[in-house]
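Structural overview for review
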Amino acid sequence: MLKKIFFGFVLVSHLGFAQIEYPGNPSTGTPEVVFDYSSDACEVNHSLDGPAHAVRDVNGEIRLVVPNHELYSLTGVDFDNLSPDCGTGQIFGSDEDSSQSNHNYKEWLGAPYTEDGVNFYALVHNEYHGYDFPGQCGYTDVLKCWYNSITLATSSDTGKYFSHAAAPNHLVASIPYKYDKNHGYRQGAFNPSNIIKNKSNGYYYAFFHTEAIGLQDEGLVVMRTNDLDDAGSWRMYDGSSWNTQSINPYLSSSYDTSAHIFHVVNQTKSVGGVYYSTYYEKYIMVFHSAYESEGGMKEGICFSLSDDLINWSAKQMIYYVNAISNSLTENSSWDYGAYPSLIDHNDTTLNFNEIGQNAFVYYTKWNNTSNPGLPDRDLIRVPVTFSKQLVSGFTVDDSGNDEDTNPGDGICQTPSGGCSLYAAIMESNGRSGSYSDSVLNIDFNLSSPVINTNTGAGYIPTSVYPLNIDGTTNIGASKNTALMDDSINTVLTVKVDLGGNSSLNFIGGNTTIAGLCLSNPQNAAIIFSKKGNNRVKGCFIGVDISGTLNESESSDGWGVLIDNVADVTVGGTNEVDRNLIIGGIRIQGDSSRNIFVKGNFIGTDYSGTNDLGQDLKSMVCDSYTQYNEAGIGVSITNNGYAQLVSIFTIGCDVGISVASGGQCDLTNSNSSFGNIGLKADGFGDIEFTGSTNTATDAQVDTIVSINTKDLSNTIREPFDGQGVYFHL
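All values derive from a computational prediction rather than experimental measurement.

1. Topic: the overall build of the protein
The secondary structure content of the protein amounts to 2 helices and 53 strands. Out of the 728 residues in the protein, the part that is buried amounts to 57%. Counting every atom, the protein has about 27500 Å² of accessible surface; 45% of that belongs to carbon and sulfur.

Here it is, written out as structure tokens:
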């Protein structure tokens, strides 16, 4: 029978709960036609082939640019009076240079950027088409012979005409691989976004996406520069800093390919535009994406929010639009379109990079969907009003395990209309990163007490932000009132059956799990990692909801796993916090400090007297350091059992204390700057028959055994813990 364990001491201060701001569902108005190909095209090839972006020149004239390799702009004094500037002619054309090394074939000029209304900069999407040249394409599908890079163009005449430096000195971004005609899919860096200035640090940022090839992953890449005049000054984010530099693989004879691979920040295919939202006080990104929503998969124009232009919130739908090809869910009432952008007509900045609560979403509409390569496309805009939703928590009222229909909108809702535990955690994970330290509540209102994780999604998602999951809020639940040595009288009414293939994983820290019955875990019922300041209280783990039956899936599983995080409490000094645990507690990692385990029944039923057949492993500590000035580093008492591996106690009056029947397997451990290294004190139910092995070069710490039944081994040899095995 394994009863109670106290371990370490506690320095836990959980943050208070706060309201978390989620973006609400935007409302949209009636679509308007901005450019009608049939009447507005300057020539037959005047097609719209990219996101629309607006700039204002020094004279106050608005110039709306929609990319194409034969580019005209729309101009006017305001957005209700824009017209194609056919008289000025093309503001930028393609050089159609056949040399792959020059990155100068078919060129799509993107969104212009200016700081004075006179001098403009724009990133250029450059395509090399191998199928245009004999012997340069092994396929009939043009997508399989397409090589892409990003270059820089400039204008010094208020944006009327653009040009670029002599090729390839205009190169901004290229993958570190040459064109491969046999690769079988398009290659390179694609679709640069508009340029946006981060006012907090003065850098200019932009995005592009890559396709998978070699070491290069598919996804979205963010880059920045502090010198717009220098095409080679852009640096890509590498996951922690801004050290990745692009190279021209045709001009570099020897280089480390891995050093020039682009880090992808997420899997967004391509960005329509990035702006600063004065309404959300965050950056806002708009893009076309597939979207899992109530009623199935849908596609359309989505947005995400960010505080730092690197970490982005879950996407939210603005407006449904069918994809041009391979549409997952087509709807005849929706347009076929792509290339979204946002423009706030009331924005007074030169680059229209600020978005208020009310704006317009622009996109290109395809009129001929049977042959989308034709230039017959219109530019559409739709008024949009953004909204907010303040959330302090979610109430789980659905005992199923289905996903949330719209993660990140602040509404916990499954396709059936309820809120499952799975959906609640998804919604928590979908919050903005600016609320990464805020605690969100998950309460319960379940008529059926069992949540089976083998149904629906089949598992429980990892929680990445702080949570307070409180099963005691459910109907009929009550907290323990019995004293520490008495039977636990907790009444639980929420049971999460982990089905032998799931755990509750928490990496966000500052999380409390209370009043849950957790059965049949995989590896461990509860896992804390990455961030500390966590708590488990009033739970039944590895047992049934009555506290009488062992429901631990495997004898190798753990009740609680504390993996390299500090400040964790399992149980506590108050009666209401006591846990009933089958599977024990495992503590591992050098950062696992200030761990407090007290008042729990481990290995028994609710009475603390009936052994439920747990293997002898109520607690394991592996690679753990404990500092407790003048106190006890590790204490095992009242028939508790612990396996201690690589334990390092510093400054403790007693490094490891085993008392009142406690049992301890101690391996490869160390005690420094303390008084007593290991102290065994008290009587247990089993007479000591083990042995100790003293390490060579032992230090002056002393093992003291007091009042044990094994009086022949009262004083041990000097001890430093290294290589010592001690079992009482």
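2. Observations regarding unusual backbone geometry
The linkage connecting Ala-167 with the following residue, Pro-168, adopts the cis geometry, with an omega of 5°. Not every positive phi belongs to a glycine, and Asn-594 is a case in point at roughly 60°. Summarising the element assignment, Asn-594 is placed in the loop between strand 43 (585-588) and strand 44 (595-598). For Asn-594, a relative accessible area of 14% corresponds to the buried category.

3. Describing the environment of Phe-162
Looking at where Phe-162 falls in the secondary structure, it is placed in the loop between strand 13 (146-155) and strand 14 (171-173). With 53 residues separating them along the chain, Phe-162 and Leu-109 place their C-alpha atoms 8.7 Å apart.

4. Observations regarding helix 2 (residues 421-429)
Among the 9 residues in helix 2, 8 count as buried, and that is most of the element. Taken residue by residue, helix 2 has Leu-421, Tyr-422, Ala-423, Ala-424, Ile-425, Met-426, Glu-427 and Ser-428 as its buried positions. For helix 2, the secondary structure elements touched by its buried residues are strand 1 (20-23), strand 29 (393-396), strand 30 (440-444), strand 31 (450-452), strand 32 (467-470) and strand 33 (495-497).

5. Let's talk about the sheet that holds strand 7 (residues 73-76)
Strand order in the open sheet formed by 4 strands is 4-5-7-8, with antiparallel pairing between adjacent strands. With partners counted over all chains shown, the strands left at the sheet margins are strand 4 (53-56) and strand 8 (83-84), one partner each. Relative to strand 5 (residues 62-65), strand 4 is paired through 4 bridges, and the arrangement is antiparallel. Among the inter-strand pairings, Val-55 is bridged to a residue of strand 5, identified as Arg-63.

6. A look at the pattern of salt bridges
A complete count under the given rule lists 13 salt bridges for this structure. Taking the shortest distance from any N to any O, the salt bridge between Glu-61 and Arg-63 comes out at 3.7 Å. The salt bridge partner of Lys-495 is Glu-551, with a shortest N-O separation of 2.8 Å. Taken together, the residues Lys-495 in strand 33 and Glu-551 in the loop between strand 39 (540-541) and strand 40 (558-563) connect sequence positions 56 residues apart. Connected through salt bridges with shared partners, the residues Glu-32, Asp-80 and Arg-381 form a single ionic network.

7. Looking at the pairing of strand 13
The two faces of a sheet get side chains in turn, since along a regular strand they alternate between them. By the criterion of burial, strand 13 is predominantly enclosed, with 9 of the 10 residues buried. The pairing of strand 12 (residues 120-129) with strand 13 spans 10 bridges and is classified as antiparallel. Across the sheet, Ala-122 pairs through a bridge with Ala-153, a residue of strand 13. Here strand 13 pairs with strand 15 (residues 187-190) via 2 bridges, running parallel. Across the sheet, the residue bridging to Asn-148 is Gly-188, located in strand 15. Bridge analysis of strand 13 against strand 14 gives 2 bridges, and the strand direction is antiparallel. The residue of strand 14 that forms the bridge with Thr-151 is Leu-171.

8. Let's talk about the state of the cysteines
In this structure the tally under the stated criterion is 3 disulfides. Each disulfide pairs two cysteine sulfurs, and for Cys-42 the partner residue is Cys-86, the sulfurs being separated by 1.9 Å. Across the S-S bond linking Cys-42 and Cys-86, the dihedral sits near -85°, which makes this disulfide left-handed. Here the residue Cys-42 occupies a position in the loop between helix 1 (37-40) and strand 4, and Cys-86 occupies one in the loop between strand 8 and strand 9 (92-93), the gap between them amounting to 44 residues. Numbered by order of appearance in the sequence, the disulfide-linked cysteines of the protein pair as 1-2, 3-4, 5-6. Cys-517 provides the cysteine sulfur closest to Cys-539, a residue in no disulfide bond, and the two sulfurs are 9.0 Å apart. A relative accessible area of 0% places Cys-539 in the buried class.

9. Focus: the packing of aromatic side chains
Counted according to the given criterion, the structure contains 24 aromatic pairs. Ring geometry for Tyr-105 and Phe-133: centres 5.4 Å apart, planes at 55°, overall tilted. Residue Tyr-105 is located in the loop between strand 9 and strand 10 (106-109), and its partner Phe-133 is located in the loop between strand 12 and strand 13; the two are separated by 28 residues in the primary sequence. Between Phe-506 and Phe-528, the aromatic rings sit 5.9 Å apart at their centres with planes inclined by 40°, giving tilted as the arrangement. Of this pair, Phe-506 sits in strand 34 (residues 504-506) while Phe-528 sits in strand 37 (residues 524-529), and the two are 22 residues apart along the sequence. Phe-506 gets classed as buried once you look at its relative accessible area, which sits at 2%. Residue Phe-528 is classed as buried on the basis of its relative accessible area of 0%. By way of ring pairs, the aromatic residues Tyr-105, Tyr-128, Phe-133, Tyr-147, Tyr-179 and Tyr-250 are connected into one cluster. In this structure, Arg-186 is placed above the aromatic ring of Trp-146, and the distance from its NZ or CZ to the ring centre is 5.0 Å. The aromatic ring of Phe-190 is capped on one face by Arg-186, whose charged end is 4.7 Å from the ring centroid.

Conventions adopted
Residues numbered from 1 in each chain as written. Predicted model: local features only at pLDDT ≥ 70, side-chain atom pairs only at ≥ 80, totals over all residues. Heavy atoms only, no water. Helix = DSSP H or I, 4+ residues; strand = E, 2+ residues; numbered from the N terminus. Buried < 20%, exposed > 50% of the residue type's maximum accessible area, 1.4 Å probe, protein only. Areas by Shrake-Rupley, 256 points an atom, 1.4 Å probe, with all protein chains shown as cover. Contact = heavy atoms within 4.5 Å. Pairing = 2+ DSSP bridges. Salt bridge = Lys/Arg side-chain N within 4 Å of Asp/Glu carboxyl O. Disulfide = S-S within 2.5 Å. Phe/Tyr/Trp six-rings, centres within 6.5 Å; stacked < 30°, edge-to-face > 60°. Lys NZ or Arg CZ within 6 Å of the ring centre and 35° of its normal.

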